[in-house]
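Understanding the architecture of this molecule
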Amino acid sequence: MQGNLGPWPYEVEYGIENGVECDVLVLGGGVAGCFAAISAANQGARVVVVDKGPIKTGVSGGAGCDHWNYPLTTPFSKITPEELVDFVDFVTDGWFCGIGLYIQCRESWDCLLDAERWGLPPRDVDGEPKGSGFRDEETGILFAYNHDNRHIVRVRGGARIKEYYHRELRRLGVPLYERVMATSLLTEGGKEGARVVGATGLNVRTGEFYIFKAKSTGSACP
C-alpha cells in the first residue's frame, strides 16, 4: 500500500541567514539547559536557548521527572557529600567525575528550592502519607528509593517539570530558538581548539540558517 504524505507543510527558506548575538548561548533545552539559562538570566545576562525540539514538552525531561538526586545539604539527609563521593569512587574504581558529583551534592537542595519557586511542587501538602517512613514531617518532603538515608527526593508534580521551566524562561524574556539544530561551534579566528564564540544552526523545518554569537557558550546536550 502506498500513501501520499502531501506537500511539505512548512515554507522552505534555505536562503535566509539569521544573526543572533547574546552574552550566554545555551545549546540544549532540556532540564539542565533550561536551569542554566534561567540562572544566567537571573544574573542579568542576555541568554539564548537553542534546541532541535520543542522545549516545553520535548527533549530531555519532556516526559517528566519523578525524583531529584542527592540533596545532601539538608537536615534530613543521613549522607554527606563527602561520603557519597567516596562511595562512588570506591564502587567505580575512580571512573567518574568526582568534582562534578560533589558539586551536585552540595547544590542539589538549593536547585530544588529554585525549581519550587518557579512552580514545581516537590512537597506533600495534603498529609496523606503522614507518619510514613518516606516523608519528612517538618518539610513535607517525600523520599524515593532509599527511605533510610533520605538522599533522593520524590518530586511531586514532576511530570510537568518542563512546563514550569518553560514558563520561567518566558517570564524572564529569554529567546527560545526551537527546532533549530546546532550544527557546529564557532571558534575565535576559526582556529581549532580556540575559544568558542558561538555556534551555527539550521531550522529543521524551514532550512533557515542561524549564526549565534556569544561571549559564553555552554552545551547541555547529552
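Report on the accompanying structure. Along every chain, residues carry numbers that run from 1 in the direction the sequence is written. Confidence filtering applies because this is a predicted model: local features only for residues at pLDDT of at least 70, side-chain atom pairs given and counted only at 80 or more, and all residues used for totals across whole chains, interfaces and linings. No hydrogens and no water enter the side-chain calculation; it runs on all heavy atoms of the structure.

**Let's talk about a nonpolar patch on the surface**
Patch building starts from residues that exceed 30% relative accessible area and form no salt bridge, then joins like charges within 9 Å and nonpolar side chains (Val, Leu, Ile, Met, Phe, Trp, Tyr) within 5 Å. All accessible-area figures derive from a Shrake-Rupley calculation using a 1.4 Å probe, and residue coverage is judged against the displayed protein chains alone. By convention in these notes, a salt bridge is any Lys or Arg side-chain nitrogen within 4 Å of a carboxyl oxygen on Asp or Glu. A contiguous nonpolar surface patch, about 480 Å² in accessible area, is contributed by Trp 8, Tyr 10, Val 12 and Tyr 14. The way it works is that DSSP assigns letters per residue, a run of H or I at least four long becomes a helix, a run of E at least two long becomes a strand, and they are numbered from the N terminus. Following the sequence through the fold, Tyr 10 ends up in the segment before strand 1 (17–27).

**Focus on the sheet that holds strand 3 (residues 67–69)**
Spatially, three strands are ordered 3-5-4 in an open sheet, and the strand pairing comes out antiparallel. The strands lining the two open edges of the sheet, one partner per strand, are strand 3 and strand 4 (142–143). Think of it this way: DSSP has to see at least two bridges between two strands before they count as a pair.

**Here we look at the packing of aromatic side chains**
Centre distance within 6.5 Å is the pairing criterion for rings of Phe, Tyr and Trp, where only the six-membered ring of Trp is used; planes under 30 degrees apart are then read as stacked, over 60 as edge-to-face, and the remainder as tilted. Overall, the coordinates contain nine aromatic pairs when judged by the stated rule. Ring geometry for Phe 76 versus Phe 143: centroids 5.0 Å apart, planes at 65°, classification edge-to-face. One end of the pair, Phe 76, is in the loop between strand 3 and helix 2 (81–92); the other, Phe 143, is in strand 4, with 67 residues separating them in the sequence. Residue Phe 76 shares its accessibility class with Phe 143, and that shared class is buried. Chaining the aromatic ring pairs together yields one cluster made of Phe 35, Trp 118 and Tyr 165. The ring of Phe 134 carries Arg 154 above its face, with NZ or CZ at 4.8 Å from the centroid. Partly exposed describes any residue whose relative accessible area lies between the buried limit of under 20% and the exposed limit of over 50%, with all areas from a 1.4 Å probe on protein chains only and scaled to the type maximum. Whether a charge lies above a ring is judged from NZ of Lys or CZ of Arg, which has to be within 6 Å of the ring centre and within 35 degrees of the ring normal.

**A closer look at the nonpolar core**
The biggest cluster of nonpolar side chains holds 28 residues, and the ones touching the most others in it are Val 47, Val 49, Trp 68, Leu 120, Tyr 165, Leu 169 and Val 174. For this core, the elements supplying multiple residues, two or more each, are strand 1, helix 1 (31–42), strand 2 (47–51), helix 3 (98–117) and helix 4 (161–171). Top contributing element to this core by residue count: helix 1, with six residues. In terms of nonpolar packing, the next biggest core, distinct from the first, is built from eleven residues, Leu 27, Val 50, Val 180 and Tyr 210 among them. Put simply, buried Ala, Val, Leu, Ile, Met, Phe, Trp, Tyr and Cys residues joined by side-chain atoms within 4.5 Å make one nonpolar core.

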